[in-house]
Amino acid sequence: TSPAITPNALDLVLPKAQGKTTNVQQVSVSIGSDLKFYIDDQQVAKSQIAGKLNQFLKGAETPTVLLRAAEGVPIEEAVYVMDIANKNSYKIVLAVRPE
């Protein structure tokens, strides 16, 4: 069996931007440079993201998704997750590292 993946194991190199992420996350979606998707620390198939987010955020007053995409991930992959958030009225925050 493979070792358990913890949030710290997903050490992504994030794009740079001024400012910082200040919103409190309720669930994070990470896209690795290998284009594998994770919800919090659990690897999931791309096709399962919408259903898993609905499970995690059901009943949340302000459902929020923190999107962590590794530097160099095609924008279409990030837009896929953003579209799911938009269709479900989830607040979405893009994680970046400070410049």
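All figures in this text were calculated on a predicted structure; none of them were measured in a lab.

Q: So what about the environment of Thr 62? Which residues, and what values?
A: Tracing the backbone through its elements, the reader meets Thr 62 in the loop between helix 1 (49-57) and strand 5 (64-69). Accessibility expressed as a relative area gives 41% for Thr 62, which makes it partly exposed. A C-alpha to C-alpha distance of 7.2 Å links Thr 62 and Lys 91, two positions 29 residues apart in sequence.

Q: Quick rundown of the side chain of Thr 64? Include the residues and the values.
A: Mapped onto the elements of the fold, Thr 64 is located in strand 5. Residue Thr 64 is classed as buried on the basis of its relative accessible area, which comes to 4%. Looking at Thr 64, its side chain comes within polar contact range of the main-chain oxygen of Thr 62, at 3.0 Å.

Q: Go over the pairing of strand 6 (residues 91-94), please, and point to the residues and values.
A: In terms of strand pairing, strand 5 meets strand 6 through 4 bridges, oriented parallel. Bridge pairing in strand 6 places Thr 64 opposite Lys 91. Chirality of the crossover, the property in question, places the unit of strand 5, helix 2 (residues 75-87) and strand 6 among those that are right-handed.

Each value, and the rule that gives it
- Residues numbered from 1 in each chain as written.
- Predicted model: local features only at pLDDT ≥ 70, side-chain atom pairs only at ≥ 80, totals over all residues.
- Heavy atoms only, no water.
- Helix = DSSP H or I, 4+ residues; strand = E, 2+ residues; numbered from the N terminus.
- Buried < 20%, exposed > 50% of the residue type's maximum accessible area, 1.4 Å probe, protein only.
- Polar contact = N/O pair within 3.5 Å; in protein donor to acceptor, adjacent residues only side chain to side chain.
- Pairing = 2+ DSSP bridges.
- Right-handed = clockwise from strand over helix to strand, strands pointing away.

Everything listed here is a matter of geometry and, on its own, says nothing about what the molecule does.
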